[in-house]
Each structure stands twice: as structure tokens, then as C-alpha cells.
Amino acid sequence: MAAVGVQAWRSCLENGAPFPIPDFRRKTACRPYAEDHWSPYPEDAGPGQPPPSTRGYVKPGPDAIHSARARWRKLGVRSLMTGSKSDVVITDFISNPDLEREILRGVADVRVLNATREDELAGRIETAHAIIPYHYIVISELTLNRLQNCKVIVRGGVGFDNVDVARARERGIPVCNVPDYGTEDVADAAVGMAVSMIRGVAFLNSRLRAAQGPWSPSQAAPLQRIRGSVFAIIGLGRIGTAAALRAKALGMDVCFYDPYKPDGYAKALGIRRVETLEDTLGQAFTLSIHCPLTDETRRLIDAEAIARMPDGAYLVNTARGAIVDTSAIPDAVASGRLAGGRDRRFRMGTAP
């Protein structure tokens, strides 16, 4: 997990001149300035481009580390600076970068800042050659204007809305993401939360711990059967596809809405495609959100959208919080339109 940013940066280096500013729609394993392509298939990487990284959480062996280090020596040092090692800064989240330091040994020094706010970066990041921000830090114009040597910013995850991409482009700094970060984990969480709500697991556990009510599943009645129920997905990308396969394995009737997905995926995965958002909402016993946050998807699921769902439906959002207007959830639950809703931040509230 800790080395995904390094993996993405290295992928950029492997495709030609170090740190190019590529075309917006170019599909690479490290796709600067591009939204999530929503595809799990290597052939979607495009002609001459590498498939998405399959390294995942497996620590690379000696051969892989030696190969990576050799490429960094050949491309990274020559392009970043001459006669000394590069300075790679991990801004947050990662406290022990052993894997990054092993991969970049002899090529770059890796520093961790353990910052929780952007103002904590001042005086510590200005001379960095590469920056890897994770989850807690925003890289705004204020920080970008102070960078003296930065050649690339690699977001340690899929979404990159915490980086001012427009200003970075103006300064000639490519911004990359890691498209396959957390694919299986987020899919597990999405389906797990759905099952927990549908079968009353979390509710009954909380009642038991509080010594409320009898030892009986009747407290969570009516419990719904999972098999055969409709699991509707918005956004059939990497995580959406992984969630679809898990829901299908549970016997659920899986459908998806994704206007940007080419034909053929429904047949390949053995699921159903729905052509409109309205039709998707109208049949969704469980609605699982897996699309990126864009101007098109911001507050895509609001009170009006929830009103189109069947009574007693469930809503799970493991994508960006602002895709769902969470202020509409309490009323929907109170009215019975939703039997339950889980947000990626595990709290109810108004989405940013």
C-alpha cells in the first residue's frame, strides 16, 4: 500500500521522456490529469501503453526491486538532477516508508512529513523533486507556488481532487494518480456494508451491546433475502466491477449504469446494463456508488433521485462524498424510502 505513489511515478518514467505532460485522454497506468477510466481490463490501456499495475500489496522480490532501481538510475536521476539523489516527499498517512526506501535506495531520499494540514508543509516541501500526497493533505495553489524543484506529483490513490491540477499544469508539473489503489478493499467494504444493512448485522450488534431488546432477529424485522435482489451500480470502473463480481457471487441480480462504458461489459461479466439513471434508481434494492466526482456527478444522488428508488431500499456510497447529498438521507430513512444508508465517511451530514 505504501509504495503505490512510487509505482505510479515509475510507470510515468517507463514510457519515454521522464515526466511528460501527456494528452488529457491518454490512457496509461499512471494517467496524469485524467479522470478514472473505469476499466479493469489491460487492453484498455491503449496501443503501446502498459496495463494497470497488478503489484497491489505484494512486496516486490529482489529482481523487481533491482529492475526498478535500475530504471530510476537510468531515467530518474538523469532527468531530475545531476550528481546527487532526488528528494521524494510523502506528505501524510505513511509513517514508515520502508518499501519506498528499498525501491529507491541509491536513487532518491524519501522523507515523510506526517502532516495533517497544508500549512504544516511550509518550509519542508519547497525543495522536493517529487511529492506523494495521500488522504489528509490538499496541495493548493499556495503550496504549488512555493515549489522550486518539483517534477511530478503522484496522488497516493485514485481521486486527485485534493491537488490543484490546473495550477500544477501551469507550472509544468505533471499530476498522476494510482487507478488501482484499494480496488478490492473498497469493493469488499461496499458489498460488506450492503450485506450488513440488509441482514441487520450492525443493527442487531448495536442492540446486543446496549442490552436492548430480546435475543431475537425479530428486532431487525423485516429482514430481506439477499439472493435475487437487485444490486445496482453507478460507475462500472475497477471498483464497480469488483463490487459487481462480489454481489453476483452472493446471488444478487447485478445491474449497472455507466454512460461512458463501451458495449460488451455486461455480457463479459454476466450482469445487466441499464441505459438511464432513472431506470437504475427505479429497480435498485441496493444502490452502490462507484463513479468519480465530477461536475456531472456532484450531488447526482439527491432527494429527487432517492425518491425514485423503491421503498425500503439501501444506499451505499464508497466513492467521493459529494456525489450524494447526504442531507437527504435522514428524511428518506424516516419516511421509509430508504431502509439504510452508508456513506464512505461513516457519518451522516451535508456533503461538501
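## What about the overall build of the chain?
Then, in step 1: Helix and strand content of the chain: 12 helices and 11 strands.
Then, in step 2: Out of the 352 residues in the chain, the part that is buried amounts to 51%.
Then, in step 3: Considering only intrachain contacts with a sequence separation of at least 6, the fraction spanning at least 24 residues in the chain is 60%.
Then, in step 4: Surface exposure of the chain reaches about 16,300 Å², of which carbon and sulfur atoms provide 53%.

## Concerning the sheet that holds strand S2 (residues 108–112)
Then, in step 1: With respect to topology, 5 strands assemble into an open sheet ordered S2-S1-S3-S4-S5, the strand pairing being parallel. The open sheet has two edge strands, S2 and strand S5 (175–176), and neither has a second partner.
Then, in step 2: In this sheet, S5 lies alongside strand S4 (residues 152–154) in parallel orientation, the contact comprising 2 bridges. Within the sheet, the bridge partner assigned to Val 154 lies in S5 and is Cys 176.

## Thoughts on the packing of aromatic side chains
Then, in step 1: If you walk through the whole model with that rule in mind, you get 3 aromatic pairs.
Then, in step 2: With centroids separated by 5.5 Å and ring planes inclined at 75 degrees, the aromatic side chains of Phe 285 and Tyr 314 adopt a geometry described as edge-to-face. Of this pair, Phe 285 sits in the loop between helix H10 (277–283) and strand S9 (286–289) while Tyr 314 sits in strand S10 (residues 313–317); the two residues are 29 residues apart in sequence, bridging distant segments of the chain.
Then, in step 3: Counting every residue linked through ring pairs, the aromatic cluster contains Phe 93, Tyr 134 and Tyr 136.
Then, in step 4: One Lys or Arg, Lys 261, reaches over the ring of Tyr 265 and ends 4.2 Å from the middle of that ring.

## Considering the packing of helix H6 (residues 183–198) against helix H8 (residues 238–249)
Then, in step 1: Two elements in contact, H6 and H8, have axes separated by 8 Å at closest approach and are oriented at 50 degrees. On the basis of the axis angle, H6 is oblique to H8. Like other packed secondary-structure pairs, H6 and H8 cross with a definite hand, here right-handed. Residues Thr 183, Glu 184, Val 186, Ala 187, Asp 188 and Val 191 of H6 touch H8, and the partners they reach there are Arg 238, Ile 239, Ala 242, Ala 243, Arg 246 and Ala 247.
Then, in step 2: For the contact of H6 with H8, the class distribution of residues is 7 nonpolar, 1 polar and 4 charged.

## Quick notes on the pattern of salt bridges
Then, in step 1: Tallied over the entire structure, the rule returns 13 salt bridges.
Then, in step 2: Across the pair Asp 109 and Lys 85 runs a salt bridge whose closest N-O atoms are separated by 3.0 Å. Taken together, the positions of Asp 109 in strand S2 and Lys 85 in the loop between helix H2 (62–80) and strand S1 (86–90) put the pair 24 residues apart, joining distant regions of the chain.
Then, in step 3: Residue classification places Asp 109 among the partly exposed residues on the basis of a relative accessible area of 38%.
Then, in step 4: What makes Lys 85 partly exposed here is its relative accessible area of 39%.
Then, in step 5: Each of Arg 117, Asp 119 and Glu 120 takes part in a single network of salt bridges with overlapping partners.

## Some points on the environment of Phe 93
Then, in step 1: Looking at the element boundaries, Phe 93 is found in the loop between S1 and helix H3 (98–103).
Then, in step 2: What makes Phe 93 partly exposed here is its relative accessible area of 34%.
Then, in step 3: Through-space distance from the C-alpha of Phe 93 to that of Thr 116 is 8.4 Å; in sequence the pair is 23 residues apart.
Then, in step 4: The residues contacting Phe 93, other than those within four sequence positions of it, are Tyr 134, His 135, Tyr 136 and Tyr 181.

## So, the environment of Thr 318
Then, in step 1: Structurally, Thr 318 is set in the loop between S10 and helix H12 (329–335).
Then, in step 2: Along the backbone, Thr 318 and Ala 189 are 129 residues apart, and their C-alpha atoms lie at a distance of 7.8 Å.

## Quick notes on unusual backbone geometry
With glycine set apart, most residues show a phi of negative sign, and most peptide bonds adopt trans.
Then, in step 1: One non-glycine residue, Asn 114, lies in the positive phi region at around 50 degrees.
Then, in step 2: Within the secondary structure, Asn 114 sits in the loop between S2 and strand S3 (130–132).
Then, in step 3: Take Asn 114: its relative accessible area is 40%, and that puts it in the partly exposed class.

## Describing the side chain of Ser 140
Then, in step 1: One can find Ser 140 in the loop between S3 and helix H4 (141–144).
Then, in step 2: Non-local contacts of Ser 140, meaning those with residues more than four positions away in its chain, are made with Glu 118 and Asp 164.

Thresholds applied
- Residues numbered from 1 in each chain as written.
- Predicted model: local features only at pLDDT ≥ 70, side-chain atom pairs only at ≥ 80, totals over all residues.
- Heavy atoms only, no water.
- Helix = DSSP H or I, 4+ residues; strand = E, 2+ residues; numbered from the N terminus.
- Buried < 20%, exposed > 50% of the residue type's maximum accessible area, 1.4 Å probe, protein only.
- Contact = heavy atoms within 4.5 Å.
- Areas by Shrake-Rupley, 256 points an atom, 1.4 Å probe, with all protein chains shown as cover.
- Pairing = 2+ DSSP bridges.
- Phe/Tyr/Trp six-rings, centres within 6.5 Å; stacked < 30°, edge-to-face > 60°.
- Lys NZ or Arg CZ within 6 Å of the ring centre and 35° of its normal.
- Axes fitted to C-alpha atoms, helices over the stretch in contact; angles between N-to-C directions.
- Parallel < 35°, antiparallel > 145°, perpendicular 65-115°, else oblique.
- Left-handed = near helix turned anticlockwise from the far one by under 90°.
- Nonpolar A, V, L, I, M, F, W, Y, C, P; charged D, E, K, R; others polar.
- Salt bridge = Lys/Arg side-chain N within 4 Å of Asp/Glu carboxyl O.

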